[in-house]
Amino acid sequence: MKTHRKRQCVLVIPDSGPIISLHRAGAMDLLLVLKLPVYLVDEVFAELTSDPLYQKDREVVEFVTGHADTVHVVDTLVGRTFAAARTRGEMTEKQHGGEAAIAEFLSSGIERIKSPEDPALVLLEDSDIATSAFFLGANVHLLSTVAFLRYLEQLHVIPSAEQLLEKMTHAGRAIHRVIDIPSSQGEEESEWDHMIPR
């Protein structure tokens, strides 16, 4: 007898913006409240955590390693190349591979972490990703940090999105753009919201 695999939504965070903003507000745990598998891009994670003397870098590492069953770092060819260069001492402070790793992941890597019929929620702040996201295919929904917090407020997970946004603003984050759209042109609705545990 053929069994049907249970469909699952995944949470993808391609750029560093949401992590930095939530960290500034002391709210990284909010990435876990939807009870979805979370995926970060390897080189973006490496750049976020490159200086162990910096508190943010240490706390992001602790968050990811402390929730290794839920939060996953997806490897890319770009990330492996830059990691090898760092090991050999060939990297300079001005060399960054995050954007290239993001481009690689969004063009092909997202297919590695979900089945075509499964929805994906992409949490982002980089406007360049939003403008080119139609390459992601169907059943992928784009949500900015602002929209994410307002969604959590609607679910009564947090009392006030604005309070957290004010904390981020006071900590130097300028995030006002609301992105809450399906990635594919002509797609009227994404399925991700129907698959969030209530």
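Everything here concerns the structure above.
What comes next is a walk through the structure. (Residues numbered from 1 in each chain as written. Predicted model: local features only at pLDDT ≥ 70, side-chain atom pairs only at ≥ 80, totals over all residues. Heavy atoms only, no water.)

**As for the overall build of the protein chain**
- Check the secondary structure of the protein chain and you find eight helices and six strands.
- Counting from the amino terminus, helix and strand elements in the protein chain follow one another as β-α-β-α-α-β-α-α-β-α-β-α-α-β.
- For the protein chain, the residues scored as buried account for 48% of the 198 residues in total.
- Pairs at least 24 apart in sequence give 73% of the contacts found in the protein chain among residues at least 6 apart.
- With the model as given, the accessible surface of the protein chain reaches about 10,900 Å², and the carbon-plus-sulfur share is 52%. (Helix = DSSP H or I, 4+ residues; strand = E, 2+ residues; numbered from the N terminus. Buried < 20%, exposed > 50% of the residue type's maximum accessible area, 1.4 Å probe, protein only. Contact = heavy atoms within 4.5 Å. Areas by Shrake-Rupley, 256 points an atom, 1.4 Å probe, with all protein chains shown as cover.)

**What about empty space enclosed by the protein?**
- Under the counting rule described, the total for this entry stands at one cavity of 30 Å³ or more.
- Considering only enclosed or pocket space, the largest cavity measures out at about 30 Å³ in volume.
- Lining the largest cavity are I19, M28, L31, L40, V60, F63, V64 and V71.
- Considering each element in turn, the lining of the largest cavity owes the most residues, three residues, to helix α3 (residues 55-66).
- Its residues assigned to classes, the lining of the largest cavity comprises eight nonpolar, no polar and no charged. (1 Å grid on protein atoms, 1.4 Å probe; cavity = no way out; pocket = protein on both sides within 12 Å on 5 of 7 lines; lining within 4 Å. Points joined across faces, edges and corners; volume = space filled by probe spheres on them. Nonpolar A, V, L, I, M, F, W, Y, C, P; charged D, E, K, R; others polar.)

**So, helix α4 (residues 77-87)**
- Buried within α4 we find V78, G79, F82 and A85. For α4, the buried positions fall inside an angular range of 125° around the axis, keeping them on one side. Summarising the geometry of α4, the exposed residues directed more than 90 degrees from the buried face are L77 and T87.
- Lining the buried residues of α4 we find α2 (42-48) and α5 (98-113).
- Just downstream of α4 lies G89, where phi reads positive at about 75°. (Arc of directions from axis to C-beta.)

**Here we look at the packing of helix α7 (residues 145-154) against helix α8 (residues 161-170)**
- Between α7 and α8, the least distance of the axes is 8 Å, while the angle of their chain directions is 150°. Packed against α7, whose contacting residues are T145, V146, L149, R150 and E153, the element α8 presents A161, E162, L164, L165 and M168 at the interface. (Axes fitted to C-alpha atoms, helices over the stretch in contact; angles between N-to-C directions.)

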